[in-house]
Amino acid sequence: MQLFLVASSMEKLLDSIVKLVAMISNEKVQSVASRLQKAGSDKSAFAFTEVLQTPAALGVAKQVISAWHDTTINASELAYMLLTASHVNEIGINNQRTELVWTGPVTPFVSARRTEQALIEVISSAEKTLFL
């Protein structure tokens, strides 16, 4: 039963961290992490409240703090968790790309790939299956 409680607490903490880093800038995450590393064993909200201004971000920060209190993780470990989540979030955002595919008539004003070209690229890059 104890292992389930630890896993549940950790899952709540991870979920709240993911929510937080998705809504604040990488710079703010770094600032919070820096303040946490200076905090030592103190599990207070000051590291968050000094940096975050929006009610939505502060609300999610309260979820992080609440979940953090249910774990044995120290402030420095939480700081590294925030930095890691922010880094992964940034990579995910940078790996997404949107390209314009033109289905209309040929025009000298729009420099875009034709639909057929885009479909051929998607089909040929499929490794196992393709769902359309």
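As the structure is a prediction and not an experimental result, all values here were calculated from the model. (Residues numbered from 1 in each chain as written. Predicted model: local features only at pLDDT ≥ 70, side-chain atom pairs only at ≥ 80, totals over all residues. Heavy atoms only, no water.)

Caption draft 1: Region of the structure containing the overall build of the chain. In terms of helices and strands, the chain carries 6 helices and 2 strands. Beginning at the N terminus, the succession of helices and strands in the chain can be written as α-α-α-α-α-β-β-α. In the chain, the share of contacts with a sequence separation of at least 24, taken over all contacts with a separation of at least 6, comes to 64%. Carbon and sulfur atoms make up 59% of the accessible area of the chain, which totals about 9,300 Å². (Helix = DSSP H or I, 4+ residues; strand = E, 2+ residues; numbered from the N terminus. Contact = heavy atoms within 4.5 Å. Areas by Shrake-Rupley, 256 points an atom, 1.4 Å probe, with all protein chains shown as cover.)

Caption draft 2: How the structure looks around the nonpolar core. Counting 28 residues, the largest nonpolar core has L13, I17, L36, F48, L78 and L82 as the members making the most contacts within it. Elements with a contribution of two residues or more to this core: α1 (2-23), α2 (26-39), α3 (46-49), α4 (55-69) and α5 (75-95). It is α4 that contributes the most residues to this core, 7 residues altogether. Residues contacting L78, with those up to four places away along its chain left out, are L13, I17, L36, F48, V64, W68 and I73. (Core = buried A, V, L, I, M, F, W, Y, C linked by side-chain atoms within 4.5 Å. Buried < 20%, exposed > 50% of the residue type's maximum accessible area, 1.4 Å probe, protein only.)

Caption draft 3: The packing of α2 against α5, seen in detail. Running from N to C, α2 and α5 cross one another at 165 degrees; their axes reach a closest spacing of 7 Å. It follows that α2 is roughly antiparallel to α5 by the angle criterion. Note on packing geometry: the crossing formed by α2 with α5 is left-handed. Of the residues in α5, those in contact with N26, V29, Q30, V32, A33, L36, Q37 and A39 of α2 are A75, S76, L78, A79, Y80, L82, L83, S86 and E90. For the contact of α2 with α5, the per-class residue count stands at 11 nonpolar, 5 polar and 1 charged. (Axes fitted to C-alpha atoms, helices over the stretch in contact; angles between N-to-C directions. Parallel < 35°, antiparallel > 145°, perpendicular 65-115°, else oblique. Left-handed = near helix turned anticlockwise from the far one by under 90°. Nonpolar A, V, L, I, M, F, W, Y, C, P; charged D, E, K, R; others polar.)

Caption draft 4: Up close: α2. Helix length check: α2, at 14 residues, gives a terminal C-alpha distance of 20 Å against a target of 20 Å (1.5 Å per residue), a fit within 8%. Taken together, the buried positions of α2 are occupied by V29, V32, A33, L36 and A39. Each buried residue of α2 lies within a common arc of 110 degrees when the element is viewed along its axis, so the set occupies one face. Among the exposed residues of α2, those pointing more than 90 degrees away from its buried face are E27 and K38. Positive phi shows up at G40, right after α2, with a value of about 70 degrees. (Expected span 1.5 Å × (residues − 1). Arc of directions from axis to C-beta.)

Caption draft 5: Here's a closer look at the pattern of salt bridges. Evaluated as defined, the whole model comprises 2 salt bridges. Between K12 and D70 there is a salt bridge, with its nearest N and O atoms 3.9 Å apart. Of this pair, K12 sits in helix α1 while D70 sits in the loop between α4 and α5, placing them 58 residues apart in sequence. K12 sits in the partly exposed class, given a relative accessible area of 46%. Of the charged contacts, one joins R35 and E50 as a salt bridge, the two residues approaching to 2.6 Å between their closest N and O atoms. (Salt bridge = Lys/Arg side-chain N within 4 Å of Asp/Glu carboxyl O.)

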